[in-house]
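Working through the structure, step by step
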Amino acid sequence: MTVDNSITDNANQPSGSEPTAINFSGEEKNKIEPTKEQIELRAFVKLLGELQSKGKITGQQFRENRELWIHQQPNDRDVLVWRLKQILNTETKPNAPRSQPFQKPRRM
């Protein structure tokens with residue numbers, strides 16, 4: 001008589017995904033691989049995070065661009081990524097005016 005040493009772990013699975021069978025040695029039998037779109041979205045969100053951490057976009061712009069990417073076609077997504085990479089690679093100009101060296105007031 002053989003014993004199946006695997007269990008199905010449904011507790012940690014996101015809804016809409018298939019259960020993963022795990023044997024007692026900890027190895028996954030049916031590991032769910034992320035889709036190409038999920039991998040691309042993860043990279044896009046990482047780009048947005050980098051832009052936000054460098055102060056080049058706001059939190060609102062982060063959310064707007066993420067939503068825009070989700071609802072766009074792949075070719076339009078490529079254009080959006082290209083545009084954001086251009087922003088990332090440009091030097092930021094300080095918003096504050098440059099300070100002038102101290103000068104004594106002139107007497108008239």
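Reference entry: report on the structure contained in this document. Please read these numbers as outputs of a predicted model, since none were measured by experiment.

**Examining the nonpolar core**
In this structure, Phe44, Leu47, Leu48, Leu51, Ile57, Phe62, Trp69, Leu80, Leu84 and Leu88 together form the largest nonpolar core, which totals 10 residues. Secondary structure elements with two or more residues in this core: helix 1 (36-53), helix 2 (59-71) and helix 3 (74-89). In this structure, Phe44 is in contact with Asn65, Arg66, Trp69, Leu80, Val81 and Leu84, ignoring residues within four places of it in sequence.

**Some words on the packing of helix 2 against helix 3**
Across the interface, helix 2 lies against helix 3 with an axial gap of 9 Å and an inter-helix angle of 155°. Taken as axis vectors, helix 2 and helix 3 run roughly antiparallel relative to one another. In this structure, helix 2 contributes Asn65, Leu68, Trp69 and Ile70 to the contact, and helix 3 contributes Arg77, Leu80, Val81, Arg83 and Leu84. Of the residues that constitute the contact of helix 2 with helix 3, the class distribution is six nonpolar, one polar and two charged.

Reading the values: rules and limits
- Residues numbered from 1 in each chain as written.
- Predicted model: local features only at pLDDT ≥ 70, side-chain atom pairs only at ≥ 80, totals over all residues.
- Heavy atoms only, no water.
- Core = buried A, V, L, I, M, F, W, Y, C linked by side-chain atoms within 4.5 Å.
- Buried < 20%, exposed > 50% of the residue type's maximum accessible area, 1.4 Å probe, protein only.
- Helix = DSSP H or I, 4+ residues; strand = E, 2+ residues; numbered from the N terminus.
- Contact = heavy atoms within 4.5 Å.
- Axes fitted to C-alpha atoms, helices over the stretch in contact; angles between N-to-C directions.
- Parallel < 35°, antiparallel > 145°, perpendicular 65-115°, else oblique.
- Nonpolar A, V, L, I, M, F, W, Y, C, P; charged D, E, K, R; others polar.

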